[in-house]
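# Chains, contacts and geometry: an overview
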Amino acid sequence: HRDLTPFPTRLSSDLVQLTRVIAPHLRGRILDPCAGDLAIVNELHKTDGVDLVLAGDIDHDRPCLYTYDATDPAAPYWKMSFEWIVTNPPFSQAHRILPLAYECATVGVAFLLRLSYLEPTQHRNKRAEWLAAHAGHMTNLIVFGSPRPDFTGSGGDRVTTAGMVWRKGVTYDPPVFEFVSGWK
């Protein structure tokens, strides 16, 4: 159930650097459970203050230390301790991975997702509930547009992509981001 989205190298660098600017605590042990071709992992290895980066992916053909399904709560890396989870998950499974990652991380998570992730329609109940419950912990929304990143090799994607950061220990009251669903 993996919807493969090859990751533009420049975007991985930009995501890591922007995340470090807005979340300077991006350090310590980091997990990328959907590492694919290691684009994010390679950038994290170059980052000062990062002690360890573990890479996982569901695809056995990927050059990752762990081969597990990131949607499985029993996957061994969800039982480990990481300060950060930074990843570009398959969009169709992000609603299952984000809660596991947030629970596992001691500091926060940074996910690269389509901007439309914030308007839950499919899987709306669980995703909408999670977004609403964690709205006060969403600290940053990094929109990559104009031009849109190219994940398909066709010159650009049809949807806007964003880096989304949720941090533990940071609560905005009222939340900076409000998620309204079921309004109709």
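### Concerning the overall build of the protein chain
Regarding its fold elements, the protein chain presents 4 helices and 6 strands. Reading the secondary structure of the protein chain in the N-to-C direction produces α-β-α-β-β-α-β-α-β-β. Per-residue burial over the protein chain gives 50% buried out of 184 residues. Taking contacts inside the protein chain between residues at least 6 apart in sequence as the whole, the part at least 24 apart equals 63%.

### Points about the nonpolar core
W78, I85, V109 and W166 are the most contacted members of the largest nonpolar core, which totals 31 residues. Taken together, the elements giving at least two residues each to this core come down to strand 3 (82–87), helix 3 (94–104), strand 4 (105–114), helix 4 (124–133) and strand 6 (161–167). Sort the elements by how many residues they give to this core and helix 3 lands first, with 7 residues. Among all residues touching W166, those that are not within four sequence positions of it are W84, L98, Y102, V107, G108, V109, W130, L131, H134, H137, M138 and T139. Among the nonpolar cores identified, the runner-up in size contains 16 residues, and V41, L44, V50 and A55 belong to it.

### A few points about the pattern of salt bridges
By the definition in use, this model includes 2 salt bridges. One salt bridge connects D59 with R62, and the closest N-O pair in it is separated by 3.8 Å. Accessibility expressed as a relative area gives 22% for R62, which makes it partly exposed.

### A few points about the sheet that holds strand 6
Across the sheet, 6 strands lie side by side as 2-1-3-4-6-5; this open sheet has mixed pairing. Where the open sheet ends on each side, the last strands, each with one partner, are strand 2 (50–55) and strand 5 (138–144). The mean angle between the axes of side-by-side strands here comes to 15°, regardless of whether they run parallel or antiparallel. As defined by bridge partners, strand 4 adjoins strand 6 across 7 bridges and the pair is classed as antiparallel. Residue pairing for strand 6: V109 is matched across the bridge by W166. Strands strand 3, strand 4 and strand 6 of the sheet are contacted by helix 3, whose axis makes an angle of about 160° with strand 4.

### Comments concerning helix 3
With respect to burial, helix 3 is a largely interior element, 8 of its 11 residues being buried. Within helix 3, the full set of buried residues consists of A94, H95, I97, L98, L100, A101, Y102 and C104.

### Quick word on the confidence of the model for the protein chain
Looking at the protein chain as a whole, the pLDDT averages 81, with 74% of positions reaching at least 70. No element of the protein chain has a lower mean pLDDT than helix 1 (residues 9–22), at 62, and none a higher one than helix 3, at 96.

### Some points on the packing of aromatic side chains
Evaluation of the coordinates by the stated rule reveals 7 aromatic pairs. Each ring, one from Y102 and one from W130, has its centre 5.6 Å from the other, and the planes form 85°; the classification is edge-to-face. Of this pair, Y102 sits in helix 3 while W130 is found in helix 4, placing the two residues 28 residues apart along the sequence. Each of the two residues, Y102 as well as W130, counts as buried. Each ring, one from W130 and one from W166, has its centre 5.4 Å from the other, and the planes form 75°; the classification is edge-to-face. In this pair, W130 sits in helix 4 while W166 sits in strand 6, placing the two residues 36 residues apart along the sequence. Taken together, the aromatic side chains of Y66, Y68, Y77 and W78 make up a single cluster linked through ring pairs.

### Some details on the pairing of strand 6
Burial within strand 6 is extensive, with 7 of its 7 residues counted as buried. Side chains T161, G163, V165 and R167 project from strand 6 onto one buried face, and the interleaved A162, M164 and W166 project onto a second face that is buried too. As defined by bridge partners, strand 5 adjoins strand 6 across 6 bridges and the pair is classed as antiparallel. When the bridges of strand 6 are listed, N140 appears paired with V165.

Here is what the cut-offs are and how they apply
- Residues numbered from 1 in each chain as written.
- Predicted model: local features only at pLDDT ≥ 70, side-chain atom pairs only at ≥ 80, totals over all residues.
- Heavy atoms only, no water.
- Helix = DSSP H or I, 4+ residues; strand = E, 2+ residues; numbered from the N terminus.
- Buried < 20%, exposed > 50% of the residue type's maximum accessible area, 1.4 Å probe, protein only.
- Contact = heavy atoms within 4.5 Å.
- Core = buried A, V, L, I, M, F, W, Y, C linked by side-chain atoms within 4.5 Å.
- Salt bridge = Lys/Arg side-chain N within 4 Å of Asp/Glu carboxyl O.
- Pairing = 2+ DSSP bridges.
- Axes fitted to C-alpha atoms, helices over the stretch in contact; angles between N-to-C directions.
- pLDDT = per-residue confidence, 0-100.
- Phe/Tyr/Trp six-rings, centres within 6.5 Å; stacked < 30°, edge-to-face > 60°.

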